[in-house]
Amino acid sequence: MSATSWVLAEYRSEEELYAAARRLRMAGHASVDLHSPYPLTRSDEVLGLSRSRVPLLALLGGLAGVATALSMQWWTNAVDYPINVGNRTLVPYPAMVPITFELGVLLSAFAIFFGALGLFGFPRTHHPVFEVEGFRTASIDALWLSVEVKPEEAERVAEDLRRSGAAQVAVAPEAG
Amino acid sequence: MTPPATAAARTDALEQAPLIVGTPTDRVLNDELLDHVWNPKRGWKILFGIALAGTGLLLTGVTVTLARGIGMWGNNIPVAWAYDIINFVWWIGIGHAGTLISAILLLFQQKWRTSINRFAEAMTLFAVMQAGLFPLIHLGRPWFAFWLFPSPATLGLWPNFKSPLIWDVFAVSTYLTVSFLFWYLGLIPDLAALRDASRSKAQRIAYGIFALGWRGSARHYQHYRIGYLILAALSTPLVLSVHSIVSFDFAVSQLPGWHTTIFPPYFVAGAVFSGFAMVMTLMIPARKFLGFERVVTERHLENMAKVMLVTGLMVSYGYLMEHFIAWYSGNAYEAFVFSNRANGPYRAIYFAMLFCNVVVPQAFWWRKARTNIAWLFIASLLVNVGMWTERFIIIVTSLHRDYLPSSWGMYAPTWVDWSIFTGTLCFFSLLFLLFLRFVPAVAVTEVKELRHELAHAHAGGKEAAH
């Protein structure tokens with residue numbers, strides 16, 4: 001991996017931010033990202049993001065939970081150590097519902113939580129964007145744009161962003 | 001600090017009180033809502049000291065129980081379940097409001113949930129922790145608690161999965177875990193806001209670690225939003241399942257007074273009722289002393305009072321139906337249990353329950369009562385007491401006189417019962433005070449989002465009017 005640079009720019013309005021992101025994407029920068037203190041309404045469309053895979057993970061987690069619960073209750077209470085209570089059935093499906101539901105929810109929740117963290121690449125507390133002191137406002141009240149570029153391109157991209165009306169622009173280097 | 005809006009500030013009689021008072025900027029919201037973390041309030045240390053001392057009671061009670069055995073408690077045959085299960089059900093019921101507010105109101109797009117959800121979720125977590133403690137120490141030998149989970153052992157035995165008590169283990173532990181994940185996922189952007197607003201390097205590092213590296217990325221928000229929504233959709237039936245399963249512990253048995261089909265919905269309604277009461281009890285002082293009056297307005301309190309009225313009516317319907325079925329079934333034992341509740345030795349507690357749970361919430365039919373802070377606080381305390389007495393009535397009066405008069409008995413708690421119960425109240429307060437000291441108690445990110453939504457809606461409305 002060669003070293004890359006991160007160019008950051010702060011904008012005063014959502015419209016300016018979206019416009020700058022669209023221009024960069026048209027210019028062939030695929031890694032454009034937006035940073036804001038709250039979720040932006042049109043960011044998915046502006047960045048051209050495909051559908052999130054989190055719902056699929058949730059479904060798979062839920063199915064895994066249901067399968068685990070059913071096989072666990074069946075194998076332990078009917079096969080490995082059958083408990084015969086007054087000759088009642090060893091596999092009572094209605095009585096298996098509560099645990100099956102609970103384990104389905106549990107594994108689905110794990111899949112969502114850890115799946116999302118995995119997709120974010122978290123925990124990652126040393127990201128290059130944090131090298132820019134002004135970027136701290138991104139979680140408080142400011143709208144930022146970030147793009148990963150080759151080091152030799154960094155100055156040119158920064159200059160473009162400055163001219164496009166950014167309130168401030170900064171470059172953060174990353175060792176590859 | 002701007003004063004909260006009063007009814008006089010409303011332009012229209014039909015227009016409700018605002019969800020956010022004034023037009024604060026994101027920066028102002030950030031400063032105000034995180035202020036309680038940077039500048040601890042004066043009374044905090046005193047309250048913390050009291051809660052810490054009270055937690056000593058819990059330690060004493062648990063130590064005595066472990067050293068001498070559960071014979072130190074007042075329960076014995078015929079009342080084999082008493083304070084341990086009363087307190088378990090009471091605490092777990094309180095723990096229902098958090099996820100209800102966070103998940104169900106999120107799915108119903110009730111925007112007023114935004115300022116109180118984080119607070120209520122934390123309350124849920126801490127209440128479920130207290131709840132879990134009771135069955136754990138009631139095991140007698142809690143170091144074998146892992147036997148409740150299927151673990152391969154030399155005994156070759158497995159848990160009996162046909163038992164509602166095992167369902168309970170799975171329901172409560174799943175509820176605790178999922179509530180924690182839901183709470184933490186919602187908290188990540190707020191922890192990042194704390195990290196970036198921190199004033200010292202130590203704070204920045206500490207909150208930086210807990211924020212896991214959140215940078216408000218739109219690519220992350222895409223996964224985050226859908227993940228949070230699905231987690232809410234999963235938590236919704238989960239909330240309903242937990243207290244239903246707790247009620248199976250009773251309903252599946254043959255005991256008159258327990259063996260009824262109305263238990264699951266009636267328990268869930270009672271849980272939501274007591275949970276909202278506890279949120280109210282904690283929120284009324286917190287919004288005053290921590291300065292949340294801008295985002296937790298009269299309208300939030302009024303809406304919570306309405307939920308308490310509705311769930312209080314459901315609980316009242318449950319009482320009525322239990323008595324009706326006891327008479328209508330023609331079963332002499334059922335009829336006796338219910339007449340014994342009103343006429344037997346525990347009738348004072350029974351009438352206290354009726355007063356707190358049936359009479360008190362009726363005041364919320366009137367707007368004056370729903371917006372009077374002092375009354376709301378008193379009513380919420382009374383409902384908490386009422387729901388505790390309800391569990392006492394269900395458990396103790398059903399057990400103490402069942403089929404055979406020769407096996408009747410009376411129950412009274414011992415000092416160990418009292419110190420464990422009081423101790424959990426203090427331990428709960430201790431955890432809650434730590435939460436108020438170190439973690440954003442209002443979902444800052446969601447309030448900012450709501451502010452932008454409201455601003456857009458307002459601007460849109462103006463344009464449409466022209």
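Residues numbered from 1 in each chain as written. Chains lettered and ligands numbered in written order. Predicted model: local features only at pLDDT ≥ 70, side-chain atom pairs only at ≥ 80, totals over all residues. Heavy atoms only, no water.

(A) Here's a closer look at the overall build of chain B. The number of helices and strands found in chain B is 16 helices and zero strands. Whereas a compact globule of 466 residues would reach a radius of gyration of roughly 23 Å, chain B reaches 24 Å, a difference of no more than 12%. Dimensions of chain B, computed from C-alpha atoms along their principal axes, come out at roughly 80 × 55 × 40 Å. The long-range share in chain B, meaning contacts at least 24 apart out of those at least 6 apart in sequence, stands at 82%. (Helix = DSSP H or I, 4+ residues; strand = E, 2+ residues; numbered from the N terminus. Rg over C-alpha atoms; globule rule 2.2 N^0.38 Å. Contact = heavy atoms within 4.5 Å.)

(B) Expanded view of the overall build of chain A. A count of helices and strands for chain A gives five helices and four strands. Reading the helices (α) and strands (β) of chain A from amino to carboxyl end gives β-α-β-α-α-α-β-α-β. Over its C-alpha trace chain A gives a radius of gyration of 25 Å, far above what one expects of a compact globule, namely 16 Å for 176 residues. For chain A, the spread of C-alpha atoms along the three principal axes comes to 85 × 35 × 30 Å. Counting all 176 residues of chain A, 49% fall into the buried class. (Buried < 20%, exposed > 50% of the residue type's maximum accessible area, 1.4 Å probe, protein only.)

(C) Structural detail: the side chain of Asp 417 of chain B. Residues and elements named next belong to chain B. Among the structural elements, Asp 417 can be located in helix α15 (residues 415-438). One buried charged side chain, Asp 417, makes no salt bridge at all; its nearest oppositely charged neighbour is Arg 68, positioned 14 Å away. Setting aside anything within four residues of it in sequence, one finds Asp 417 in contact with Trp 73, Gly 74, Tyr 83 and Tyr 411. (Lys, Arg positive; Asp, Glu negative; His and termini not counted. Salt bridge = Lys/Arg side-chain N within 4 Å of Asp/Glu carboxyl O.)

(D) Summary view of the interface of chain A and chain B. Of the residues lining the interface, 64 residues belong to chain A; the matching set on chain B comes to 59 residues. For the chain A and chain B pair, buried surface summed over both sides reaches about 5600 Å², with 66% attributable to carbon and sulfur atoms. There are two salt bridges connecting chain A and chain B. At the junction of chain A with chain B, the criterion picks out 25 residue pairs in polar contact (both at pLDDT 80 or more). (Buried area = accessible area lost by both parts, 1.4 Å probe. Polar contact = N/O pair within 3.5 Å; in protein donor to acceptor, adjacent residues only side chain to side chain.)

(E) Structural context of the environment of Val 279 of chain B. All names here are of chain B. Relative to the helices and strands, Val 279 is located in helix α9 (residues 263-289). Given the relative accessible area of 1%, Val 279 is considered buried. Along the chain, Val 279 and Tyr 228 lie 51 residues apart, while their C-alpha atoms are 22 Å from each other.

(F) Structural view of the pairing of strand β1 (residues 4-11) of chain A. Residues and elements named next belong to chain A. β1 sits mainly inside the fold: eight of its eight residues count as buried. Across seven bridges, β1 lies against strand β3 (residues 143-149) in antiparallel orientation. Within the sheet, the bridge partner assigned to Glu 10 lies in β3 and is Trp 144. (Pairing = 2+ DSSP bridges.)

(G) Highlighting the packing of helix α4 (residues 93-120) of chain A against helix α8 (residues 218-251) of chain B. Between α4 of chain A and α8 of chain B, the shortest axis-to-axis distance is 10 Å and the interhelical angle comes to 160°. Classed by the angle they form, the pair α4 of chain A and α8 of chain B counts as roughly antiparallel. Between α4 of chain A and α8 of chain B lies a crossing whose hand is left-handed. Facing Pro 98, Phe 101, Glu 102, Val 105, Ser 108, Ala 109, Ile 112, Leu 119 and Phe 120 of chain A of α4 of chain A, the residues of α8 of chain B in contact are His 220, His 223, Tyr 224, Gly 227, Ile 230, Leu 231, Leu 234, Pro 237, Leu 238, Ser 241 and Ile 245 of chain B. Here the contact of α4 of chain A with α8 of chain B is built from residues that sort into 14 nonpolar, five polar and one charged. (Axes fitted to C-alpha atoms, helices over the stretch in contact; angles between N-to-C directions. Parallel < 35°, antiparallel > 145°, perpendicular 65-115°, else oblique. Left-handed = near helix turned anticlockwise from the far one by under 90°. Nonpolar A, V, L, I, M, F, W, Y, C, P; charged D, E, K, R; others polar.)

(H) Structural view of the pattern of salt bridges. Scanning the entire structure with this criterion turns up 17 salt bridges over all chains. We note a salt bridge from Arg 225 of chain B to Asp 44 of chain A, for which the minimum N-O separation is 4.0 Å. With Arg 225 of chain B in helix α8 and Asp 44 of chain A in helix α2 (residues 43-47), this pair bridges two chains. Given the relative accessible area of 25%, Asp 44 of chain A is considered partly exposed. Close ionic contact of Arg 391 of chain B with Glu 390 of chain B constitutes a salt bridge, the shortest N to O distance being 4.0 Å. According to the relative accessible area criterion, Glu 390 of chain B is buried, its value standing at 2%. One network of salt bridges, with partners in common, ties together Glu 153, Arg 156, Glu 159, Asp 160, Arg 162 and Arg 163 of chain A.

(I) Quick look at the confidence of the model for chain A. Averaged over every residue, the pLDDT of chain A is 86; the share at 70 or more is 97%. Across chain A, element-level confidence peaks in helix α3 (residues 54-80) of chain A with a mean pLDDT of 94 and bottoms out in strand β4 (residues 168-174) of chain A with 78. (pLDDT = per-residue confidence, 0-100.)

(J) View of unusual backbone geometry. At the junction of Phe 122 of chain A and Pro 123 of chain A, the peptide bond is cis and its omega measures out at -5° in the coordinates. In this fold, Pro 123 of chain A is placed in the loop between α4 and β3. Going from Ile 77 of chain B to Pro 78 of chain B, the amide bond is cis rather than trans, its omega being 10°. Within the secondary structure, Pro 78 of chain B is located in the loop between α2 (44-68) and α3 (83-94). If you check the backbone angles, Asn 87 of chain A has positive phi at about 60° while not being a glycine. Inspection of the secondary structure puts Asn 87 of chain A in the loop between α3 and α4. One non-glycine residue, Leu 212 of chain B, adopts positive backbone phi at about 65°. Here Leu 212 of chain B shows up in the loop between α7 (201-210) and α8. Take Leu 212 of chain B: its relative accessible area is 14%, and that puts it in the buried class.

(K) Local environment of the pairing of β3 of chain A. All names here are of chain A. Counting buried positions over the seven residues of β3 gives six, a clear majority of the element. Here three bridges tie strand β2 (residues 33-35) to β3, and the two strands are oriented antiparallel to one another. By the bridge assignment for β3, Leu 34 is matched with Leu 145.

(L) Geometry of the packing of aromatic side chains. All names here are of chain B. For the structure shown, the criterion picks out 55 aromatic pairs over all chains. Aromatic side chains Phe 119 and Phe 432 sit 5.1 Å apart centroid to centroid with 80° between the ring planes, which places their arrangement in the edge-to-face category. Of the two residues, Phe 119 is situated in helix α5 (residues 117-138) and Phe 432 in helix α15; the sequence distance between them amounts to 313 residues. For Phe 432, a relative accessible area of 5% gives the class buried. Taken together, a centroid distance of 4.8 Å and an interplanar angle of 80° make the contact between Phe 250 and Trp 258 edge-to-face. Residue placement shows Arg 437 over the ring face of Phe 438; its charged tip is 4.9 Å from the ring centre. (Phe/Tyr/Trp six-rings, centres within 6.5 Å; stacked < 30°, edge-to-face > 60°. Lys NZ or Arg CZ within 6 Å of the ring centre and 35° of its normal.)

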